[in-house]
Amino acid sequence: MARALASATAEGTLGRAVLVSAVRLVVGYAIALATGVPLGLVLARVPAIKRALGPLLLGLSSVPSICWLPLAIVWFGLSEAAIQVVIVLGAALPVTLATESAVRHLPPTIERAARTMGAAGPTLLFRVLLAAALPGILTGAKMGWTFALRSLMAGELLFVSGGLGQLLETGRDLADTALVLGVVVVIVALSRASERVLFGPVERVVARRWGTAAS
Amino acid sequence: MFATTKKWIGATAVAEPELASAPAARSVARPPTRAPAGASAALEGVTLAYDGGAAVLEDVSLDVAPGEALCLVGPSGGGKSTILNLLAGLVKPTRGRVLFDGAPVTGPGPERAVVFQDAALFPWLTLEKNVAFPLEVAGVAPAERAERVDELLRLVHLSRFRGAFPHELSGGMRQRGAIARALATRPRMILFDEPFAALDGQMRELLQGEVERIVRASRTTMVFVTHAIDEAVRLGDRVVLIGTRPGRVIGEVHVDLPRPRRAAFGGARADAGGASLEDVQAVRIAQRIASEIRVEVDKVAREEADGAWGSSSGPDGGDPRRHLGRGI
Ligand SMILES: Nc1ncnc2c1ncn2[C@@H]1O[C@H](COP(=O)(O)OP(=O)(O)OP(=O)(O)O)[C@@H](O)[C@H]1O
Ligand SMILES: [Mg+2]
């Protein structure tokens with residue numbers, strides 16, 4: 001297995017695959033965060049929108065995001081956009097739902113105190129409510145990252161696209177068990193390392209401020 | 001009014017001794033060097049029902065004089081917190097009017113500060129940033145802000161803990177922090193909602209003394225909600241009794257005792273037999289409040305015990321100064 005990985009590294013296929021996958025993941029995840037957090041905030045604050053979209057989003061979240069791939073391919077063809085749709089849908093939903101729940105379950109005196117101090121509008125939304133919901137949002141963000149990675153792998157396996165998923169496909173085509181297992185190990189290692197790099201600092205901040213134990 | 005507030009926020013210390021003597025005079029052109037005096041407030045025939053439910057408050061009228069320290073006592077669920085929320089502008093009356101300084105209240109604002117039972121400090125900010133928050137919102141310049149925060153932390157004896165996050169502070173320190181934050185914008189009225197209910201007896205007495213000292217020095221109007229009659233008698237110039245279901249005013253008692261007042265269970269108890277005249281008067285007032293409110297407390301107790309609760313109009317067990325009864 002180590003030899004298979006070594007040769008894949010030497011040929012440059014592994015490096016290129018990791019890079020392609022990582023870029024996709026980061027772009028898709030960034031879009032998911034940028035839509036999921038504001039959407040969750042709006043859902044928590046505007047009952048009418050919550051009533052309209054809430055059940056739909058809950059329903060959608062039970063559908064594995066890879067199910068959207070056929071539709072995405074019909075719309076966008078076999079393109080980066082199609083695979084991004086799958087990643088964004090997979091990651092944005094848990095982020096949205098976690099943000100919504102975190103904001104809705106804040107102690108009511110936090111908002112009341114802020115309003116009596118004159119906070120309103122964007123100050124209240126971003127500097128108070130979002131800041132207060134950070135621990136819950138972080139949980140959602142971590143879940144979103146995992147979902148983004150899963151969606152990405154599923155997507156890459158299903159259509160030729162470079163990336164680690166395709167490398168797995170190559171391994172299967174060549175009946176190269178060592179290569180397949182090697183790539184899985186790489187995926188596990190990358191996922192653990194990326195979580196540590198991305199969320200470690202935020203987790204330490206949350207632990208320090210809220211006094212919760214760091215995981 | 002608000003534009004000028006911004007200018008002179010942070011200009012003077014709350015506890016300056018000369019505050020108490022000089023009369024209030026404000027001009028737009030030259031900001032005064034003193035904090036503004038407390039403002040009046042009133043509920044006029046206020047009825048409130050949350051979301052079309054039964055009335056929580058029924059035709060409540062209440063006047064608070066400028067600079068007055070008013071305590072509200074009454075059984076649980078009577079609507080005391082609701083009255084504070086109305087005064088703060090956090091909820092709107094279904095019927096009737098809420099006035100502050102003679103004008104209808106349209107929403108919350110920094111001239112009316114609230115101290116909540118759970119302190120409600122922001123967990124993601126250090127104590128010093130918490131105290132600075134209302135000043136930041138009001139647009140006070142950083143240098144002035146820092147000065148004002150220093151002064152406030154000194155006032156509540158928390159300078160050493162300025163860098164601590166709320167979870168690193170004790171319950172009493174959190175309440176002192178919340179009081180400092182409430183004072184930051186020099187409110188003309190401070191509303192306290194059972195701020196010391198979760199603290200032990202000694203800490204409560206200590207903080208009662210601080211509230212008496214700080215609020216008097218700032219000449220701010222105060223409305224203080226509490227379950228404990230001894231607390232109301234210590235802090236209030238007047239104690240208003242709030243009945244329940246629906247919430248309404250059922251009586252009031254004036255407390256004409258000199259200040260600063262002693263802790264209810266402090267010195268007098270220690271040297272047995274040495275209770276001063278003031279202590280005796282305080283007990284009398286507390287007993288009057290307790291007896292006026294007993295009927296109401298019994299009503300709540302009976303309802304909550306599903307009719308299994310007897311009347312307590314006979315010989316009374318506990319000390320009436322301490323609490324309103326077990327039904328609370
Ligand atoms: N946001 C709300 N929505 C609906 N009902 C409410 C709301 N807030 C309070 N109530 C109801 O209004 C009544 C009065 O509540 P309030 O909190 O003002 O009482 P209180 O006198 O402060 O009681 P306590 O001493 O227990 O704090 C209660 O029956 C309560 O259930
Ligand atoms: Mg209450």
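Structure first, text after, so check above.
Residues numbered from 1 in each chain as written. Chains lettered and ligands numbered in written order. Predicted model: local features only at pLDDT ≥ 70, side-chain atom pairs only at ≥ 80, totals over all residues. Heavy atoms only, no water.

(A) Structural context of the packing of aromatic side chains. Here the structure, examined in full by the defined rule, presents 8 aromatic pairs over all chains. Ring centres of Trp75 of chain A and Phe76 of chain A lie 6.5 Å apart, and the angle between their planes is 90°; on these two criteria the pair is classed as edge-to-face. According to the relative accessible area criterion, Trp75 of chain A is exposed, its value standing at 60%. Given a relative accessible area of 41%, Phe76 of chain A falls into the partly exposed group. Relative to Trp124 of chain B, the ring of Phe122 of chain B lies with its centre 4.7 Å away and its plane at 5°, an arrangement referred to as stacked. (Phe/Tyr/Trp six-rings, centres within 6.5 Å; stacked < 30°, edge-to-face > 60°. Buried < 20%, exposed > 50% of the residue type's maximum accessible area, 1.4 Å probe, protein only.)

(B) Representation of the site of ligand 1 in the model. All names here are of chain B. What surrounds ligand 1 is the set Tyr50, Val56, Pro75, Ser76, Gly77, Gly78, Gly79, Lys80, Ser81, Thr82, Glu194 and His227. Between ligand 1 and the protein, one listed contact pairs an oxygen atom with a side-chain N or O atom of His227 at 3.0 Å. Protein coverage of the free-state accessible area of ligand 1, which is 630 Å², stands at 57%. Considering every element that reaches the shell around ligand 1, the biggest residue donor is helix H2 (residues 80–88), with 3 residues. Residue composition of the shell around ligand 1, grouped by class: 3 nonpolar, 7 polar and 2 charged. (Near = heavy atom within 4 Å. Polar contact = N/O pair within 3.5 Å; in protein donor to acceptor, adjacent residues only side chain to side chain. Areas by Shrake-Rupley, 256 points an atom, 1.4 Å probe, with all protein chains shown as cover. Helix = DSSP H or I, 4+ residues; strand = E, 2+ residues; numbered from the N terminus. Nonpolar A, V, L, I, M, F, W, Y, C, P; charged D, E, K, R; others polar.)

(C) Seen up close, the pattern of salt bridges. Going through the model one piece at a time under the given rule, you end up with 22 salt bridges over all chains. With its nearest N and O atoms 3.0 Å apart, the salt bridge here joins Glu100 of chain A to Lys50 of chain A. With a gap of 50 residues between them, Glu100 of chain A in helix H5 (residues 80–104) and Lys50 of chain A in helix H3 (residues 47–61) connect regions that are remote in the sequence. The exposure class assigned to Glu100 of chain A is buried, which follows from its relative accessible area of 5%. What makes Lys50 of chain A partly exposed here is its relative accessible area of 29%. Note that Arg112 of chain B is salt-bridged to Glu111 of chain B, the shortest N-O span being 2.9 Å. (Salt bridge = Lys/Arg side-chain N within 4 Å of Asp/Glu carboxyl O.)

These figures come from the coordinates and say nothing about function on their own.
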